[in-house]
Amino acid sequence: MQTFTGIPASRGIVIGPVHVLRWEVPEVRHRIIPDEAVPAEIARLHAAIGRAKDRLREVRGRAEKHAGDEEAAIFDVQASMLEDAELIGGVESLIRQNIGAEKAFDLVMLEWRQHFAKHTHAMLRERVSDLVDLHIRVLSVLLDLPDYDPVDLPAGANAILITHDLTPSLTVQLDRNAIAAIATDEGTRASHVAILARSLGLPAVVGLRDAVGRLHGHEQAILDGSSGLLIVDPTDEHLAAYRDRALREQADEIELGQLATAEPLTLDGVRMTLRANVDLPDEAEQASQSGAEGVGLMRTEFLVVGRATMPDEEEQYREYSRVVKAFDGHPVVIRTFDLGGDKLPVGGYPTEANPFLGWRAIRMCLDEPELFKTQLRALLRAALHGDVRIMLPLIVSVAEVRQARVLLAEAAAELDARGVEYRRDIPLGVMVETPAAVIVADTLVKDVSFFSVGTNDLVQYTLAVDRGNANLASRYTPLHPAVLRLIQRTVEIGHAAGLEVAVCGEMASQPVMAFALIGLGVRELSVAPRSVPMVKRIIRGVSAEIAREAAAAAVAADTAQAAHDALAERLYSAFGDAPFLQHGLPVVVDGHSFESSAGP
Ligand code: PEP
Ligand code: MG
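So, a few notes on the structure that sits alongside this text. (Residues numbered from 1 in each chain as written. Chains lettered and ligands numbered in written order. Predicted model: local features only at pLDDT ≥ 70, side-chain atom pairs only at ≥ 80, totals over all residues. Heavy atoms only, no water.)

## Considering the coordination of the magnesium ion (ligand 2)
- Within the first shell, the magnesium ion (ligand 2) binds the protein through E433 (OE) and D457 (OD), at distances of 2.0 to 2.1 Å. Note that E433 is positioned in the loop between β13 (428-432) and α16 (435-439) and D457 in helix α18 (residues 455-463), a separation of 24 residues in sequence.
- Residue classification places D457 among the buried positions, given a relative accessible area of 3%. (Donors = N, O, S within 2.8 Å, 3.2 Å for Na, K, Ca; no water. Helix = DSSP H or I, 4+ residues; strand = E, 2+ residues; numbered from the N terminus. Buried < 20%, exposed > 50% of the residue type's maximum accessible area, 1.4 Å probe, protein only.)

## Digging into the pattern of salt bridges
- All told, the structure shown has 44 salt bridges when counted by the stated rule.
- The closest approach of N and O atoms between E410 and K373, which form a salt bridge, is 2.8 Å. Of the two residues, E410 sits in helix α15 (residues 398-418) while K373 sits in helix α14 (residues 369-382), which places them 37 residues apart along the sequence.
- Owing to a relative accessible area of 34%, E410 belongs among the partly exposed residues under this scheme.
- Given the relative accessible area of 5%, K373 is considered buried.
- The partner of R389 in a salt bridge is E500, and the shortest N-O contact between them spans 3.7 Å. (Salt bridge = Lys/Arg side-chain N within 4 Å of Asp/Glu carboxyl O.)

## Some remarks on the pairing of strand β8 (residues 229-232)
- In β8, alternate side chains face the same way, and those of L229 and I231 on one face and L230 and V232 on the other are all buried.
- Bridging between strand β1 (residues 2-5) and β8 involves four bridges; their strand directions are antiparallel. Its bridge partner being in β8, Q2 is matched across the sheet by V232.
- Here four bridges tie strand β7 (residues 220-224) to β8, and the two strands are oriented antiparallel to one another. Of the residues in β8, the one forming a bridge with A221 is V232.
- Where β7 folds back on β8, the antiparallel hairpin that results is connected by four residues, among which G228 adopts a positive phi of roughly 80 degrees. (Pairing = 2+ DSSP bridges.)

## Section: the environment of A516
- Structurally, the position occupied by A516 is in helix α20 (residues 511-519).
- Since its relative accessible area comes to 1%, A516 is described here as buried.
- Ignoring anything within four residues of it in the chain, the contact list for A516 reads L479, A551 and L567. (Contact = heavy atoms within 4.5 Å.)

## As for the packing of aromatic side chains
- Scanning the entire structure with this criterion turns up two aromatic pairs.
- With 6.3 Å between their ring centres and 80 degrees between their planes, F515 and F575 make a pair best called edge-to-face. Linking F515 in helix α20 with F575 in helix α23 (residues 560-575), this pair joins segments that are 60 residues apart in sequence.
- A relative accessible area of 0% means that F515 is categorised as buried.
- When the ring centre of Y317 is taken as origin, the NZ or CZ atom of R381, which lies over that ring, is 4.1 Å away. (Phe/Tyr/Trp six-rings, centres within 6.5 Å; stacked < 30°, edge-to-face > 60°. Lys NZ or Arg CZ within 6 Å of the ring centre and 35° of its normal.)

## Observations concerning the packing of helix α12 (residues 313-326) against α14
- Here α12 crosses α14 at 40 degrees, and the two axes come no closer than 8 Å. Regarding the angle of α12 to α14, the classification is oblique. Seen from above, α12 lies across α14 with right-handed handedness. Two secondary-structure elements touch here, α12 through E313, E314, Q316, Y317, Y320, S321 and V324 and α14 through T374, Q375, R377, A378, L379, R381 and A382.
- Of the residues in the contact of α12 with α14, the class split is six nonpolar, four polar and four charged. (Axes fitted to C-alpha atoms, helices over the stretch in contact; angles between N-to-C directions. Parallel < 35°, antiparallel > 145°, perpendicular 65-115°, else oblique. Left-handed = near helix turned anticlockwise from the far one by under 90°. Nonpolar A, V, L, I, M, F, W, Y, C, P; charged D, E, K, R; others polar.)

## Overview of the site of ligand 1
- Taken together, 16 residues are adjacent to ligand 1, and R299, R335, G454, N456 and R467 come closest.
- Between an oxygen atom of ligand 1 and a side-chain N or O atom of R299, the distance comes to 2.7 Å.
- The separation between an oxygen atom of ligand 1 and a polar side-chain atom of R467 is 2.7 Å.
- Mapped by element, the contributors of at least two residues to the shell around ligand 1 are α8 (192-200), β10 (295-299) and α18.
- The element best represented in the shell around ligand 1 is α18, accounting for three residues. (Near = heavy atom within 4 Å. Polar contact = N/O pair within 3.5 Å; in protein donor to acceptor, adjacent residues only side chain to side chain.)

## Thoughts on the nonpolar core
- Of all hydrophobic cores here, the largest spans 111 residues; its most connected members are Y320, F327, F372, F451, I487, L517 and L525.
- If one sorts the elements of this core by residue count, α15 sits on top with eight residues.
- With residues up to four places along the chain from it excluded, the contact list for L525 reads M272, T273, L274, R275, V503, A508, L517, V535 and I539.
- By size, the runner-up hydrophobic cluster in this structure holds 38 residues, among which are A48, A63, A101 and L142. (Core = buried A, V, L, I, M, F, W, Y, C linked by side-chain atoms within 4.5 Å.)

What follows is the structure, encoded as structure tokens:
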């Protein structure tokens, strides 16, 4: 038996075979070939490209079935790239200079990737991740490496997918009938693979560091998404203990589901608002059954990642309207594209040395007005169907809000010119997810209708800790007093100006942290749909007044640990027997205790 300890990312237990996906560019040895071997080597190159194209056709067919035609189109683009005469000619020319086919292909792809990445045309920069996929695919054929495409699994395989990290094109291939759980070496609770796994309802563990290298595939394993464990070749005792726990978790889930219609009221009568984070329009209907009073954050980027082309106004209008209609008059906060960072748009921007400090979110939208206005027009139209509110990500200055308003007015004028109806008084709010936004929050209040604190990024930028870096996971501490003080300041400034202040980051769905947020005066939380009942149980199990005292102590603490202890001590002494506190307690298997952090 082998136990890997990672970071709990999406709760749930899966027992099944491991499927290792090594989707990374393989090492290629330099090989000099004699002149007489050149024609055969060129023929070998063409055969490999032919096989790669066959494979792309199969993968396309599967992606179309699982994700849709738009998403599958990315593989058409890749197949056509493999027909590019300049690319193939470049590889042939190196082979004629006596370089083995795999090295020749490797060198040309590296050069092309670099060239595309620096290109001034966004369309060409966007193709870099396709080139990476082709680089891997063709080299795998030339080097006779196993084909690890995840879609190859038969339906019902119930597999645990183990991979370094998930790329957009892999994400769209995920066959939910075959893959029951995800485990990655990279990532943290706040990284987007974790967020996506929660949206898809797939149990997940991230930050395992070296599972890909140490596993072969086909091993039997238990993935425990609540405690962040991957147990490979478990003993019969482990299997029995986990089967038992899976049953208990299911029973708990059913019990929690009964809270859907209960009010999110604290023990001392403070009415909270609990909304859902919707990452994929497909989730909308199910999310609306969770008891959420609307959507506190719709991440629109997932309409875009992994696709060959940007969705047009009509498609976006349809997707936004679907979510708005599912929530039947409740507020639906739709965030404009937060592309860049670890959410790469149709291909991504890999040239950046520091993508999280780079051309992302509002910065990209303001620089690409047509892309931005297309989305704004779709939002203005979808707002006819309900209470849509637009939210801007990664704001650091009121100047960005003002620029966005100019573009919003232009988008509206364009609809007027076309005679298309739309809602005219749409509220515009901002995400508070940079220290700058908090510090200048007083300058933002006059220009915006609401604040929503994005703690995933706020923690990252305040503590200068990459949210996706597994090596830094223990330093990514949302309860750091610096973070708590920034949230406190946002609440004070927002409320003083009469604005709603929500929290839509992952912090809101962990018991001790949710308790802290209630204590800091936050009255609106937005969490993944699956976490809505659990957070409601927390709200209904605590008193806002005790939370306020606990949060004051945490804000005054000198370390994240001291802040955690100040909160946990009051939480446990006041509500120690409350059922919501069972969540995230140490897991005991076979007499062996694994410490677990509060799971999602
Ligand atoms: C956040 O940063 O907290 C947030 C909610 O947005 P995202 O996780 O999509 O960056
Ligand atoms: Mg964010």
